[in-house]
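A look at the structure
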Amino acid sequence: MTTEKSSNQMWGGRFASGPSAIMEEINASIGYDRKLYAQDIAGSLAHAAMLAKTGIISADDHKQISDGLNTILAEIENGKFTFSRKLEDIHMNVEARLADLIGAPAGRLHTARSRNDQVALDFRLWVKNELEKTAVSLKVLIEAFLIRAEEHAATVMPGFTHLQTAQPVTFGHHCMAYVEMFGRDLSRVRDAIERMNESPLGAAALAGTGFPIDRHMTAEALGFREPTRNSIDSVSDRDYALEFLSIASICATHLSRLAEEIVIWSTSQFNFICLSDAFSTGSSIMPQKKNPDAAELVRAKTGRITGSLVGLLMVMKGLPLAYSKDMQEDKEAVFDAAESIELALAAMSGMVSDLTVIEASMKKAAGSGYSTATDLADWLVRALGMPFREAHHVTGRAVALAESKKTDLSSLTLEDMQSIHPQITDAIFGFLTVDKSVESRQSFGGTAPQEVRSQIKYWKNRLIKA
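All of these numbers come straight from a predicted model, not from anything done at the bench.

Some remarks on the overall build of the protein chain
Broken down by element type, the protein chain carries 18 helices and 6 strands. Projected onto the principal axes, the alpha-carbon positions of the protein chain cover approximately 100 × 55 × 40 Å. Looking at the protein chain residue by residue over its 466 residues, the buried ones come to 48%. Intrachain contacts of the protein chain at a sequence separation of at least 6 include 73% that bridge at least 24 residues. As displayed, the protein chain offers around 22,100 Å² of accessible surface, 54% of which is attributable to carbon and sulfur atoms. Within the protein chain, one finds 49 positive and 58 negative side-chain charges whose respective centroids are separated by 1 Å.

So this is what it looks like as structure tokens:
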């Protein structure tokens, strides 16, 4: 096999020639890790400032390094920087350009650090920033749900189990179920940020360094609570990436469940909601079609995001401490998942804010399937002192009778009711409407409109502090 001389001499004198074309192809990560340029330069600026303050490099070297790094940052952001695959990754691309700009002082920047702690820092900073963005997106979605819940705190709809009509609820109560779900996602994001808020810079390759560095200084400069406490773990830890993917996967699963309901509710068979043209598409052959494509694509993103989590778990599962090149495979999955979850959250916030609720269809469906049967059983317990199991049996007979008469429970006559149990009075008919049913569910966290409004108030206050 012939080898190709590489322009990357950062490896030093250990290697007589550059990597082969195949090795270069599998080894290079600049195609995707260029996303870390801002974090890489921020880390280098903090590191250089610390090296100068501790006397490891001179003030003049520090100034030249800082000026050079800021020039590179401007070049990248203005689209004037040339990224080279020969230089493998973002770290080497920045370092090589710095050497072009300022010469020998550039070589002093890497004192007391390794690419191992450098990439751990860059990636951790990037994930931390992405989690902050996810938190903002989640708050936007929760706020959209709170608005819809307040609008529809008393709008009656069927509640389902097994996708069968179970009991009447309100659409506001249903919206608040998603507030709880996405609220837990937001809590997980905040927990993850707190847990990962430690700087690995200064761990060097794996053993720390003999130079008199100040890791607390660089940690503070980069917005971390403190430095990490074990140099081996610092360079081999990717829990923060796994946690991000785990949080994104759980959140995407919640989004997928919501997307599925939007797809179902927007069918002509349900007709509970209508999506605007902004979140729908048509058919190339059927002119009457209005497809909920945005919801379907959000639903599809879940598989992609969860696949990224499983992929990185498999990368990490057999790695000995400390760093292994396998970890280069951590970034693409996280970058892709971050883009997917950000887009899915934005799309869902738009759909929730934009959809039209068809209240008449919801209310009609709320009374189907003998949805007030539990209210009959509860009345028998309260009014007649009947054990619930007996009341359950009596109610079942009432449902069977209504079914045989092809009517609903509220349309049975008092005579019909008394044929099932003679102690039933006409007072029961005040409890068999869907409106009365939801009004009666006043237990904490229940579907009664006043309780829904109470939970909305709680979440508005909580969100201010989140």
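What about the packing of helix α4 (residues 59–77) against helix α5 (residues 90–102)?
Following both chains from N to C, one finds α4 and α5 inclined at 120°, their axes separated by 9 Å at the closest point. When the interaxial angle is binned, α4 and α5 end up oblique. Judged by the twist between their axes, the crossing of α4 over α5 is right-handed. Two secondary-structure elements touch here, α4 through Gln-64, Ile-65, Gly-68, Leu-69, Thr-71, Ile-72 and Glu-75 and α5 through Val-94, Arg-97, Leu-98, Leu-101 and Ile-102. Of the residues belonging to the contact of α4 with α5, the class tally is 7 nonpolar, 3 polar and 2 charged.

Description of the packing of aromatic side chains
Applying the stated criterion to the full structure yields 11 aromatic pairs. Their ring planes at 85° and their centres at 6.2 Å tell us that Phe-123 and Phe-335 sit as a pair that is edge-to-face. Residue Phe-123 is located in helix α6 (residues 115–151), and its partner Phe-335 is located in helix α12 (residues 330–354); the two are separated by 212 residues in the primary sequence. The exposure class of Phe-123 is buried, given its relative accessible area of 0%. Seen from their ring centres, Phe-145 and Tyr-178 are 5.6 Å apart, and the 15° between their planes marks the pair as stacked. Remark: Tyr-178 occurs in helix α7 (residues 171–195) and Phe-145 occurs in helix α6; sequence separation between them is 33 residues. The pair formed by Phe-145 and Tyr-178 is uniform in burial state, with each residue classed as buried. In textbook terms, an aromatic cluster arises when at least three aromatic residues are bridged by ring pairs, as seen for Phe-123, Trp-126, Tyr-240 and Phe-335. Above the plane of the ring of Phe-335 lies Lys-35, whose end atom (NZ or CZ) is 5.7 Å from the centre.

Overview of helix α15 (residues 388–404)
With 17 residues, α15 extends 24 Å from end C-alpha to end C-alpha; this agrees with the ideal 24 Å at 1.5 Å per step. Restricting attention to buried positions, one finds in α15 the residues Ala-391, Val-394, Thr-395, Ala-398, Val-399 and Ala-402. Viewed along the axis of α15, the buried residues span an arc of 150°, placing them on a single side of the element. α15 presents Arg-389, His-393, Glu-403 and Ser-404 as exposed residues on the side facing more than 90 degrees away from its buried surface. Summarising the contacts, the buried residues of α15 are in contact with α14 (373–384) and α16 (414–420). Residue Lys-406 follows α15 closely and has a positive phi angle near 55°.

Focus on the side chain of His-47
When you line up the elements, His-47 lands in helix α3 (residues 37–53). The exposure class of His-47 is buried, given its relative accessible area of 1%. With sequence-adjacent residues up to four places away left out, His-47 is seen in contact with Leu-109, Thr-111, Ala-112, Arg-113, Leu-201 and Thr-218.

Observations concerning α5
The terminal C-alpha atoms of α5 lie 18 Å apart, and with 13 residues this matches the ideal 18 Å at 1.5 Å per residue to within 8%. Among all positions of α5, only Ile-90, His-91, Met-92, Asn-93, Val-94, Glu-95, Ala-96, Leu-98 and Ile-102 are buried. Looking at the buried side of α5, the elements it contacts are α2 (30–33), α3, α4 and α6. Taking the backbone nitrogen of His-91 as reference, a side-chain oxygen 3.1 Å away marks Asp-89 as the first, capping residue of α5.

Quick look at unusual backbone geometry
In this structure, Ala-322 follows Leu-321 across a cis peptide bond, with omega equal to 15°. Structurally, Ala-322 is set in the loop between α11 (293–316) and α12. Despite not being glycine, Leu-163 has its phi angle at roughly 60°, a positive value. Note on placement: Leu-163 falls in the loop between β1 (156–161) and β2 (164–170). Taking the relative accessible area as the measure of exposure, Leu-163 reaches 53% and is therefore exposed.

Some remarks on the packing of α14 against α15
In the contact formed by α14 and α15, the axes pass within 8 Å of each other and the chain directions differ by 135°. Here α14 lies oblique to α15, going by the angle between them. In the crossing of α14 with α15, the sense of the turn from one axis to the other is right-handed. Residues Ala-373, Leu-376, Ala-377, Asp-378, Leu-380 and Val-381 of α14 lie in contact with α15, whose contacting residues are Phe-388, Ala-391, Val-394, Thr-395, Ala-398 and Val-399.

Remarks on the side chain of Gln-118
Residue position: Gln-118 is located in helix α6. Taking the relative accessible area as the measure of exposure, Gln-118 reaches 3% and is therefore buried. If we ignore the near neighbours within four places in the chain, the residues touching Gln-118 are Asp-40, Ser-44, His-91, His-110 and Arg-113.

Some thoughts on the pairing of β2
Judged from the 6 bridges that link them, β1 and β2 form a sheet pairing that is antiparallel. Bridge pairing in β2 links Gly-159 to Gln-167.

The rules behind these values
Residues numbered from 1 in each chain as written. Predicted model: local features only at pLDDT ≥ 70, side-chain atom pairs only at ≥ 80, totals over all residues. Heavy atoms only, no water. Helix = DSSP H or I, 4+ residues; strand = E, 2+ residues; numbered from the N terminus. Buried < 20%, exposed > 50% of the residue type's maximum accessible area, 1.4 Å probe, protein only. Contact = heavy atoms within 4.5 Å. Areas by Shrake-Rupley, 256 points an atom, 1.4 Å probe, with all protein chains shown as cover. Lys, Arg positive; Asp, Glu negative; His and termini not counted. Charge placed at Lys NZ, Arg CZ, Asp CG, Glu CD. Axes fitted to C-alpha atoms, helices over the stretch in contact; angles between N-to-C directions. Parallel < 35°, antiparallel > 145°, perpendicular 65-115°, else oblique. Left-handed = near helix turned anticlockwise from the far one by under 90°. Nonpolar A, V, L, I, M, F, W, Y, C, P; charged D, E, K, R; others polar. Phe/Tyr/Trp six-rings, centres within 6.5 Å; stacked < 30°, edge-to-face > 60°. Lys NZ or Arg CZ within 6 Å of the ring centre and 35° of its normal. Expected span 1.5 Å × (residues − 1). Arc of directions from axis to C-beta. Polar contact = N/O pair within 3.5 Å; in protein donor to acceptor, adjacent residues only side chain to side chain. Pairing = 2+ DSSP bridges.

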